[in-house]
Amino acid sequence: MLTSEASRRGIGMTSQRTRERLIARLGAAGITHPDVLRVMRELPRHLFVDEALASRAYEDSPLPIGHGQTISQPYTVARMTQTLLEHGPCDTVLEVGTGSGFQTAVLAALVRRVYSVERIASLQERAQHCLRLLKVRNVRFRHGDGFLGWSDYAPYDGILVTAAPRGVPRALADQLAPAGALVLPMGEGDRQVLIRVTRTADGFDQRVLEPVSFVPLIAGVA
Ligand code: SAH
């Protein structure tokens with residue numbers, strides 16, 4: 001049996017060498033932020049997916065996590081995180097759509113505190129368990145509807161949404177700190193784009209970044 005340290009380090013298709021190939025690919029695709037690359041290199045993504053899929057955890061692709069949901073593609077996780085960090089100092093971040101908890105763990109390694117909302121209770125519990133195993137302690141989880149944000153801890157320097165609404169949810173924009181940035185996929189089907197909304201002195205500024213593919217943001221809890 002593998003010790004927990006060994007399972008964390010990975011063997012074969014989850015080994016450090018396999019991970020390095022992914023990091024090289026992210027670099028070639030435009031991920032340049034050294035801290036983002038470091039965290040993506042260190043985090044054991046294979047622990048966030050079902051054991052049967054562990055051998056594919058360091059491919060640059062989304063993978064199923066049950067309930068019709070997916071763990072986001074590593075490139076997308078890196079790109080969204082980089083977009084947030086490039087914008088300015090990020091002390092507190094709200095994440096909408098915890099899913100597997102992988103993006104949550106990436107954020108937790110880079111900012112002081114992460115607040116993460118998930119509408120499917122069993123996914124949230126699994127993610128929470130996984131982050132506990134990795135001794136990540138600066139995340140607060142909530143089972144709820146992310147369309148509403150999480151007003152208790154607002155405003156946030158950054159808000160990252162990992163499922164696509166049709167338009168910018170008003171509550172999320174309202175929970176941005178002055179000069180904060182909201183990074184989210186938007187649109188339907190194969191016509192989604194990644195958007196960065198920033199709070200300015202007289203309102204909001206919106207910039208389209210690139211085409212993406214996410215599951216839809218769904219109202220209500222499950
Ligand atoms: N970042 C996650 C992505 C998971 S997929 C990962 O890499 O694992 C998107 C997640 O958003 C799913 O878990 C889905 O249940 C969740 N979601 C969809 N609509 C939501 C809503 N309104 N509030 C909170 N979570 C939502």
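The numbers attached to residues start from 1 for each chain and follow its sequence in the written order. Under the rules for a predicted model, residues below a pLDDT of 70 receive no local features and side-chain atom pairs below 80 are neither given nor counted, while totals for whole chains, interfaces and linings still include all residues. The basis for every side-chain value is the complete set of non-hydrogen atoms in the structure, without hydrogens or water.

(A) Layout of the pattern of salt bridges. Put simply, a salt bridge is a Lys or Arg side-chain nitrogen that is within 4 Å of an Asp or Glu carboxyl oxygen. The full count for this structure, using the stated rule, is 9 salt bridges. Between Glu42 and Arg38 there is a salt bridge, with its nearest N and O atoms 3.9 Å apart. With a gap of 4 residues between them, Glu42 and Arg38 both fall in helix H3 (residues 34-42), about one helical turn apart. Looking at Arg38, the relative accessible area reads 34%, which means it is partly exposed. Numbering of helices and strands starts at the N terminus; helices are DSSP runs of H or I of at least 4 residues and strands are runs of E of at least 2. The classification of residues rests on relative accessible area computed with a 1.4 Å probe and restricted to protein chains. Under 20% of the type maximum is buried, over 50% is exposed, and intermediate values are partly exposed.

(B) Structural detail: the site of the ligand. Throughout, the term near means that a residue has one or more heavy atoms lying within 4 Å of the molecule or strand in question. In the vicinity of the ligand there are 24 residues, among which Ser72, Ser100, Glu118, Gly146 and Ile218 approach most closely. Counting of polar contacts relies on pairs of N or O atoms within 3.5 Å, with two restrictions inside protein: one atom must be capable of donating a hydrogen and the other of accepting it, and residues adjacent in sequence are counted only when both atoms are side-chain atoms. In this structure, a nitrogen atom belonging to the ligand sits 3.3 Å away from a main-chain N or O atom of Arg119. With respect to the ligand, the side chain of Thr162 contributes an N or O atom lying 3.3 Å from a nitrogen atom. Notes on the ligand: free accessible area 570 Å², of which the protein chains cover 99%. Top contributing element to the shell around the ligand by residue count: strand S2 (residues 69-71), with 3 residues. Residue type decides the class: Asp, Glu, Lys and Arg count as charged, Ala, Val, Leu, Ile, Met, Phe, Trp, Tyr, Cys and Pro as nonpolar, and the leftover types, Gly among them, as polar. Split into classes, the residues belonging to the shell around the ligand amount to 10 nonpolar, 11 polar and 3 charged. Each accessible area is a Shrake-Rupley estimate made with a 1.4 Å probe; only the visible protein chains count as cover when residues are assessed.

(C) Representation of the packing of helix H2 (residues 16-28) against H3. Whenever a helix is involved, its axis is fitted only over the stretch in contact; in every case the axis is a line through C-alpha atoms, and angles between N-to-C directions fall within 0 to 180 degrees. It is the contact of H2 with H3, at a shortest axis distance of 9 Å, that shows an interaxial angle of 155 degrees. Judged by the angle between their axes, H2 and H3 are roughly antiparallel. When the axes of H2 and H3 are compared, the crossing they make is right-handed. Residues Gln16, Arg19, Glu20, Ile23, Leu26 and Gly27 of H2 touch H3, and the partners they reach there are Leu37, Met40, Arg41 and Glu42. The class makeup of the residues in the contact of H2 with H3 is 4 nonpolar, 2 polar and 4 charged. Every angle not falling under 35 degrees, over 145, or within 65 to 115 is termed oblique; those three ranges are roughly parallel, roughly antiparallel and roughly perpendicular. Rotating anticlockwise by less than a right angle from the far helix to the near helix defines a left-handed crossing, while the corresponding clockwise rotation defines a right-handed one. Throughout, a residue-residue contact means that at least one pair of heavy atoms, one from each residue, lies within 4.5 Å.

(D) Representation of the sheet that holds strand S9 (residues 203-212) within the structure. Strand order in the open sheet made by the 7 strands is S5-S4-S3-S6-S7-S8-S9, with mixed pairing throughout. Strand pairing shows two members of the sheet lacking a second neighbour, strand S5 (139-143) and S9, which therefore form its edges. Neighbour to neighbour, the strand axes of the sheet diverge by 15 degrees on average, direction disregarded. Pairing between strands requires that DSSP locate at least two bridges from one strand to the other. Across 5 bridges, the pairing between strand S4 (residues 113-118) and S5 is parallel. Among the inter-strand pairings, Ser116 is bridged to a residue of S5, identified as Phe141. Where helix H4 (residues 74-87) meets the sheet, its contacts fall on strand S3 (92-96), strand S6 (156-161), strand S7 (176-186), strand S8 (192-200) and S9, and the angle it forms with S7 comes to roughly 160 degrees. Running at roughly 165 degrees to S5, helix H6 (residues 121-133) makes contact with S4 and S5 of the sheet.

(E) Spotlight on the UniProt feature "active site" (unreviewed entry) in the protein chain. UniProt positions are given in the numbering used here, feature names are shortened, and annotations may be inferred rather than shown by experiment. Sites flagged by UniProt as "active site" (unreviewed entry) map to Ser72. In this fold, Ser72 is placed in the loop between S2 and H4.

(F) Main features of the packing of aromatic side chains. Two rings belonging to Phe, Tyr or Trp (six-membered ring only in the last case) form a pair when the distance between their centres is within 6.5 Å. Interplanar angles under 30 degrees mark stacking, angles over 60 mark edge-to-face geometry, and anything in between is tilted. All chains considered together, the criterion is met by 5 aromatic pairs. Measuring from ring centre to ring centre gives 5.7 Å for Tyr115 and Trp150, while their planes differ by 90 degrees; the resulting arrangement is edge-to-face. Residue Tyr115 is located in strand S4, and its partner Trp150 is located in the loop between S5 and S6; the two are separated by 35 residues in the primary sequence. Neither residue differs from the other here; Tyr115 and Trp150 are each classed as buried. Judged by centre distance (4.5 Å) and plane angle (20 degrees), the ring pair of Tyr115 and Tyr153 falls under stacked. One end of the pair, Tyr115, is in strand S4; the other, Tyr153, is in the loop between S5 and S6, with 38 residues separating them in the sequence. Cluster of aromatic residues (ring-pair linked, three or more members): Tyr115, Trp150, Tyr153 and Tyr156. To sit over a ring, a charge needs its Lys NZ or Arg CZ within 6 Å of the ring centre and within 35 degrees of the ring normal. Positioned over the ring face of Phe102 is Arg45, at 5.8 Å from the centre of the ring.

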